Amino acid sequence: MLKSHNIEINTKQYQYYGEKALIDIIKHELCHYHLHILGKGYQHKNTDFKVLSKQVGAPRFCTLIQTYEERANYVYQCKSCGCQYLRIKKVDVKKMRCGKCMGKLSLIKRMN
């Protein structure tokens, strides 16, 4: 949290990966805060962040606990070619189209 410089840690990361994950998260967040205070690029995409995180051995991103497939809540299917798409969030089928044939999509299954 950039305003307070408090560090929020997902307890699932600690429970799943242990103390090393906790140390990595703290290093990662301290890189954000250090660069933010200095007025430098503190976002993941910024070169300053990439360089500093590499110097201190901090990962740029957390290790995933679940795969995208495990997190997906919706299954869409193209009406033309039958290609299926997993999505975490619901999409507007009036706007979204198939990435392969530009056919219309329909929701075929809601999981969870």
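You'll find the structure just up there.
Residues numbered from 1 in each chain as written. Predicted model: local features only at pLDDT ≥ 70, side-chain atom pairs only at ≥ 80, totals over all residues. Heavy atoms only, no water.

Colleague: Quick one: what's the story with the pattern of salt bridges, residue by residue and with numbers?
Modeller: Per the stated rule, a full pass over the model turns up one salt bridge. Across the pair K20 and D24 runs a salt bridge, and its minimum N-O distance is 2.9 Å. Residue K20 and its partner D24 are located together in helix α2 (residues 19-38), separated by four residues, close to a single helical turn. Judged by its relative accessible area of 15%, D24 is buried. (Salt bridge = Lys/Arg side-chain N within 4 Å of Asp/Glu carboxyl O. Helix = DSSP H or I, 4+ residues; strand = E, 2+ residues; numbered from the N terminus. Buried < 20%, exposed > 50% of the residue type's maximum accessible area, 1.4 Å probe, protein only.)

Colleague: Go over the packing of aromatic side chains, please, and point to the residues and values.
Modeller: Applying the stated criterion to the full structure yields two aromatic pairs. Aromatic pair Y74 and Y76: ring centres 6.3 Å apart, planes at 35°, arrangement tilted. With respect to burial, Y74 and Y76 carry one shared label: buried. (Phe/Tyr/Trp six-rings, centres within 6.5 Å; stacked < 30°, edge-to-face > 60°.)

Colleague: Requested: an account of the environment of K79, with residues and values cited.
Modeller: Within the secondary structure, K79 is located in the loop between β1 (74-78) and β2 (84-87). Given the relative accessible area of 60%, K79 is considered exposed. Sequence separation of K79 and K104 is 25 residues, and the distance between their C-alpha atoms is 5.7 Å.

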